[in-house]
Amino acid sequence: MRRVSIFGATGSIGQNTLDLIRRAPDAYHVVALTGGANVERLAADARALGAEIAVTAFEDRLPELRAALDGSGVDAAAGAGALLEAADRPADWIMSAIVGSAGLAPGLRALRHGTTLALANKESLVCAGPLLMAEARAQGATVLPVDSEHSAVFQALRGEDMNAVDKITITASGGGLRDWPLEALDGATPAQAGTHPNWDMGRRITIDSASMFNKAMELIETHEFFGLPPDRIDTVIHPQSIVHALVRFRDGATMAHLGAPDMRHAIGFALNWPERRDLPVALLDLAETGRLDFRAPDLARYPALRLAHRVMEAGGLAGAAFNAAKEAALDLFIDGRIRFTDMAPLVATVLDRLATEDRLEAATMTLDMVQQTDRVARDTARAVAAQGRHA
Ligand code: NDP
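Notes on the structure follow. (Residues numbered from 1 in each chain as written. Predicted model: local features only at pLDDT ≥ 70, side-chain atom pairs only at ≥ 80, totals over all residues. Heavy atoms only, no water.)

Turning our attention to the sheet that holds strand β4 (residues 75–78). Strand order across the open sheet formed by seven strands is β4-β3-β2-β1-β5-β6-β7, with parallel pairing between neighbours. Each end of this open sheet is capped by a strand with a single partner; those strands are β4 and β7 (143–145). Averaged over neighbouring strand pairs, the angle between their axes works out to 20° when direction is ignored. With three bridges joining them, strand β6 (residues 116–119) and β7 adopt parallel strand pairing. Counted as the bridge partner of Leu117 is Val143 from β7. Across the sheet, helix α2 (residues 39–49) is in contact with β2 (28–35) and β3 (53–56); its angle to β2 comes to roughly 170°. (Pairing = 2+ DSSP bridges. Helix = DSSP H or I, 4+ residues; strand = E, 2+ residues; numbered from the N terminus. Axes fitted to C-alpha atoms, helices over the stretch in contact; angles between N-to-C directions. Contact = heavy atoms within 4.5 Å.)

On to the packing of aromatic side chains, then. The geometry of an aromatic ring pair comes down to the distance between the two centres and the angle between the two planes. All chains considered together, the criterion is met by five aromatic pairs. Where Phe213 meets Phe322, the ring centres are 5.8 Å apart and the plane angle is 45°; that geometry is what we call tilted. Highlighted residues: Phe213 in helix α10 (residues 213–226) and Phe322 in helix α14 (residues 318–334), separated in sequence by 109 residues. By relative accessible area, which is 2% here, Phe213 ends up buried. Ring plane angle 55° and centroid distance 4.8 Å describe the contact between Phe225 and Phe226, whose orientation is recorded as tilted. The exposure classification of Phe225 matches that of Phe226, with both residues buried. Cluster of aromatic residues (ring-pair linked, three or more members): Phe154, Phe225, Phe226 and Phe269. (Phe/Tyr/Trp six-rings, centres within 6.5 Å; stacked < 30°, edge-to-face > 60°. Buried < 20%, exposed > 50% of the residue type's maximum accessible area, 1.4 Å probe, protein only.)

Where a protein is soluble and globular, its nonpolar side chains tend to be buried together. Counting 129 residues, the largest nonpolar core has Ile21, Leu33, Met95, Phe322 and Phe340 as the members making the most contacts within it. With near-sequence residues (within four places) excluded, Leu33 lies in contact with Ile6, Ala9, Leu18, Leu42, Asp45, Ala46, Leu49, Ala51, Ile53, Ala54 and Val55. (Core = buried A, V, L, I, M, F, W, Y, C linked by side-chain atoms within 4.5 Å.)

The next thing to look at is the sheet that holds strand β10 (residues 243–249). Strands in a sheet are paired, the pairing made by backbone hydrogen bonds, and the direction either parallel or antiparallel. As summarised here, the arrangement of the four strands in space is β9-β8-β10-β11, forming an open sheet in which the pairing is mixed. In this open sheet, the two edge strands, each paired with only one partner strand, are β9 (233–237) and β11 (254–258). When the angles between neighbouring strand axes are averaged without regard to direction, this sheet yields 20°. Here five bridges tie strand β8 (residues 165–172) to β9, and the two strands are oriented parallel to one another. By the bridge assignment, Thr169 is partnered in β9 with Asp234. The sheet strands contacting helix α7 (residues 148–156) are β8, β10 and β11, and the helix crosses β10 at an angle near 40°.

The environment of the ligand is formed by 25 residues, the closest being Thr10, Ser12, Ala37, Glu123 and Asp147. Within the contact set of the ligand, an oxygen atom lies 2.7 Å away from a side-chain nitrogen or oxygen of Thr10. In this structure, an oxygen atom belonging to the ligand sits 2.9 Å away from a main-chain N or O atom of Asn38. If the ligand stood free it would expose 900 Å²; the protein chains cover 84% of that surface. Those elements that provide at least two residues to the shell around the ligand are α1 (12–23) and α6 (122–139). (Near = heavy atom within 4 Å. Polar contact = N/O pair within 3.5 Å; in protein donor to acceptor, adjacent residues only side chain to side chain. Areas by Shrake-Rupley, 256 points an atom, 1.4 Å probe, with all protein chains shown as cover.)

Counting buried positions along helix α11 (residues 263–272) yields 10 of 10 residues, so the element is predominantly enclosed. Restricting attention to buried positions, one finds in α11 the residues Met263, Arg264, His265, Ala266, Ile267, Gly268, Phe269, Ala270, Leu271 and Asn272. The backbone nitrogen of Arg264 lies 2.9 Å from a side-chain oxygen of the residue at the head of α11, namely Asp262.

This brings us to helix α16 (residues 367–386). Over its 20 residues, α16 runs 29 Å from end to end, which matches the ideal 28 Å to within 8%, given 1.5 Å per residue. Within the span of α16, buried status applies to Val370, Thr373, Asp374, Val376, Ala377, Arg378, Thr380, Ala381, Val384 and Ala385. Lining the buried residues of α16 we find α5 (104–112), α6, α14 and α15 (343–356). Downstream of α16 by one or two residues, Gly388 has phi in the positive range, about 65°. (Expected span 1.5 Å × (residues − 1).)

In this section: the pairing of β6. In β6, alternate side chains face the same way, and those of Thr116 and Ala118 on one face and Leu117 and Leu119 on the other are all buried. Judged from the four bridges that link them, strand β5 (residues 93–96) and β6 form a sheet pairing that is parallel. Within β6, the residue paired with Ser96 across the bridge is Leu119. Between the parallel elements β5 and β6, the chain passes through α5 in a crossover that is right-handed. Once the chain exits β6 it traverses α6 before rejoining the sheet at β7, and the crossover so formed is right-handed. (Right-handed = clockwise from strand over helix to strand, strands pointing away.)

Note that Thr222 resides in helix α10. Within polar-contact distance, the side chain of Thr222 engages the backbone oxygen of Glu218 at 2.7 Å. Sequence-distant contacts of Thr222, defined by excluding residues within four places in its chain, comprise His150, Ile168, Ile170, Gly227 and Ile233.

In this section: the pattern of salt bridges. Considering all chains together, one arrives at 29 salt bridges under this definition. Its salt-bridge partner being Asp45, residue Arg41 comes within 3.1 Å of it at the nearest N-O pair. Linking Arg41 with Asp45, this pair stays in helix α2, spanning four residues, or about one helical turn. Since its relative accessible area comes to 32%, Arg41 is described here as partly exposed. Two residues, Asp186 and Arg339, come together in a salt bridge whose shortest N-O distance is 3.8 Å. Within this pair, whereas Asp186 is found in the loop between β8 and α8 (190–193), its partner Arg339 is found in the loop between α14 and α15, the two being separated by 153 residues in sequence. Accessibility expressed as a relative area gives 36% for Asp186, which makes it partly exposed. Among the residues examined, Arg339 registers a relative accessible area of 40% and is labelled partly exposed. (Salt bridge = Lys/Arg side-chain N within 4 Å of Asp/Glu carboxyl O.)

The analysis is restricted to geometry; functional conclusions fall outside its scope.
So this is what it looks like as structure tokens:
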């Protein structure tokens, strides 16, 4: 029986993971489930799955969690320290599906124990890719990608020699505003940007898809995970979201990974790895699909893509600054304080400022440095926006 813990169990990825676990209850023992504000969901799932412990990230929610778990035999805990302790509990497989940079520390801690880490939390790789991958190598731990594009690349590379790879292309749907006239984007509301044509995801990642900040994060994630230089990684717009990624080899062959847009494929692949097992996802019928379209992304519409290449070239702490500035910009957009089209210039301004102050260079990286950069970049983003200097 595989011992599994799910960090971010109450979220979109977490719930899809639990859906797969529920379908094969005899195959898994649930060690820890963690969540944030949705204590009711966390407690209900922990009870139903017989978890050892349920942890909410927020200390003030502990009494509520305790009350909801009363008599269940499931331990309750809260706070950042409790998340790390949950990562210390012996497990064979951990899903890292907390949203944002808060996912980094528990993932790193799990790797310290050599646990297989299924990584949905792309922020971990964007903020601290070298740190995370070095820890995995040092402990002999496996990191499995859960983002659909990276899972697709991982599958296309099975048994291949990285030296034979010429280029990796990850596909992008183009998000909910892809067909809007360019000049209308200034007026896009969070509700309009938060609608996705193909994928059913959390609200923040859906808005990040419309701005392509999500794709920018994924380009950086590709660079950190597969180690290819930035000029050999790109993205192509593919509105149908059927082809998830392509690996082009030097001999002229291109391997593409195709599948229905359902996160349970990538999650299930990681959950069953190294085996392939049946999954409750629609099977592809290309005759029914009919056509697959591709086009190059317009950088005027998606300036975040240019920023991704800048971050990959810069290395060091640029990823941590980029992610934090992007999260702050997204909060400001959701709160109605900046426009949709202000987000990328704001992030660029933060990167400029921190580079001028020599805050982005790092020969070696520590968790403290990453967290410090995160704080400075968020504060800078808020200050720049408050001064109206981002446009
Ligand atoms: P959701 O917002 O749906 O869920 C996030 C999870 O993190 C919830 O369990 C939430 O708890 C918890 N959480 C929120 N804030 C904190 C915090 N400060 N500390 C600890 N836990 C917290 O996100 P998604 O499931 O959509 O995404 C999770 C990660 O996976 C992200 O990194 C995302 O980029 C990535 N990803 C998501 C995909 C998707 O299809 N959704 C696809 C590929 C990658 P609660 O809800 O209880 O507050």
